[in-house]
Protein chains: 2
Amino acid sequence: MSRMTTARALIYETLETTQEHMTAYQVFDAVKPRLPSLNMSTVYRSLEYLTHEGLISVADVGEGMPIYEAVSNTHHHLVCEGCKKILIVEHEQVKGFFEKISQEYDFTIHTNHLILFGLCEKCRRAKENQSEELPKSLHP
Amino acid sequence: MSRMTTARALIYETLETTQEHMTAYQVFDAVKPRLPSLNMSTVYRSLEYLTHEGLISVADVGEGMPIYEAVSNTHHHLVCEGCKKILIVEHEQVKGFFEKISQEYDFTIHTNHLILFGLCEKCRRAKENQSEELPKSLHP
DNA sequence: TTAGAATTTGCATATAATTGCAATTGCAGA
DNA sequence: TCTGCAATTGCAATTATATGCAAATTCTAA
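Every value quoted in this text rests on a predicted model; they were computed, and no experiment measured them.

### Considerations on the interface of chain A and chain B
- Contact with chain A, which involves 33 residues of that partner, is made by 33 residues of chain B.
- Summed over both partners, the interface of chain A with chain B buries about 2,900 Å², with 60% contributed by carbon and sulfur atoms.
- Looking only at chain A, the three residues that lose the most surface to chain B are Gln93, Tyr105 and Phe107 of chain A, adding up to 22% of its buried area.
- Counting across the interface, chain A meets chain B through two salt bridges.
- Across the salt bridge formed by aspartate 106 of chain B and arginine 124 of chain A, the nearest N and O atoms sit 2.6 Å from each other.
- On the surface where chain A and chain B come into contact, there are 14 residue pairs in polar contact (both at pLDDT 80 or more).

Here's what the structure looks like:
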């Protein structure tokens, strides 16, 4: 049977109260003062556990390390590869798609945090201008 | 300026002809005989480069290492957390959703390989039965 | 309340992935 | 075809993550 231990509880509480996404190391730094014996492997294992329990979500934002956050208000992210800006997508916008896939493939989707990479409007425009205006020899 | 070097070309060619997804290590093993000087860091960097160029796609299947594949026929994956089975989702099924998000958020989506985790029909049913039929004391 | 079984943790170590830097390679222009 | 410079590679660390195992902790049932 699985147990909600001190370490797991503190880690979850931290993510829950912060309401921000954090890397494994940030979680470690935040919890360590209250649980000095805490070890990085416990952090990794606890995050994996909490994810599996559906209490938190992981997402790999591509640059750097994966981020974890409490799943209270389910949402998703658009990550701009140009300026690294992150846009929030409400689950409402995704729900229908998930339901369609679920039905079509008879598959219950657990994933609750989507990360889509691409270009925000500003960076897209910047790129278009660049391609059109620069002389060929200056292309990157 | 970016260059299509021997290493990058061989790595791409391997993924392209294989038409299978491979881990970084599998790519290394496949290319090494034809390019003995090849080094793992080159593999990682080349895979990153090819991904960025849109020639291949990465996907983190959760268990184990991320997998790479040539993007010829764009598709997506459903990964069953019960039996680890992988279902293929045609891009046709996803296209509409991407377009909607693109418009709504004025964001050009580059992501071309979605991985959704969950339970296939068989495992879902197995789990339902388990919850209903087992006496409380035998629960995991 | 406590004993005992089972899960979880810390530690040490292994594996995966990333990075700085010098040497090498590829390409545009002569 | 050759040259020079910028991009890429290999190597040797470094950092991030995962894992085996013994010790510690948690929970159930008596």
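### Observations concerning the protein's contact with DNA strand D
- Inspection of the region around DNA strand D gives 21 residues, with Tyr44 of chain A together with Thr5, Arg8, Ser37 and Thr42 of chain B positioned closest.
- Expressed as a percentage, the sugar and phosphate content of the atoms of DNA strand D within 4 Å of the protein is 69%.
- Within the side chain of arginine 45 of chain B, an N or O atom sits 2.9 Å from a base nitrogen of DNA strand D.
- Mapped onto the surface near DNA strand D, the elements with two or more residues apiece are helix 3 (40–52) of chain A together with helix 1 (6–18) and helix 3 (40–52) of chain B.

### So, the protein's contact with DNA strand C
- Taken together, the neighbourhood of DNA strand C is formed by 21 residues, with Thr5, Arg8, Ser37 and Thr42 of chain A together with Tyr44 of chain B sitting nearest.
- Backbone atoms, meaning sugar and phosphate, make up 67% of the atoms of DNA strand C lying within 4 Å of the protein.
- One of the side-chain N or O atoms of arginine 45 of chain B is found 3.4 Å from a base oxygen in DNA strand C.
- Those elements that provide at least two residues to the surface near DNA strand C are helix 1 (6–18) and helix 3 of chain A together with helix 3 of chain B.

Calculation criteria
- In this convention, every chain numbers its residues from 1, walking through the sequence in written order.
- The order in which chains are written sets their letters, starting at A; the order in which ligands are written sets their numbers, starting at 1.
- Where local features are concerned, this predicted model is filtered to residues with pLDDT of at least 70; where side-chain atom pairs are given and counted, the filter is 80 or more; whole-chain, interface and lining totals use all residues.
- Each side-chain value is derived from all of the structure's non-hydrogen atoms; neither hydrogens nor water enter the calculation.
- Any two residues whose heavy atoms approach within 4.5 Å at even a single point are treated as in contact.
- What gets called buried area is simply the loss in accessible area from a 1.4 Å probe that two parts show on being joined, summed for both.
- Salt bridges, as used here, are contacts in which a Lys or Arg side-chain nitrogen is within 4 Å of a carboxyl oxygen on Asp or Glu.
- Contacts described as polar in this section are N or O atom pairs within 3.5 Å, which, within protein, must combine one atom able to donate a hydrogen with one able to accept it, while residues neighboring in sequence count only if both atoms come from side chains.
- Note on definitions. A residue lies near a molecule or strand when any single heavy atom of the residue is within 4 Å of it.
- Secondary structure is summarised from DSSP: a helix means a run of H or I of at least four residues, a strand means a run of E of at least two, and numbering begins at the N terminus for each.

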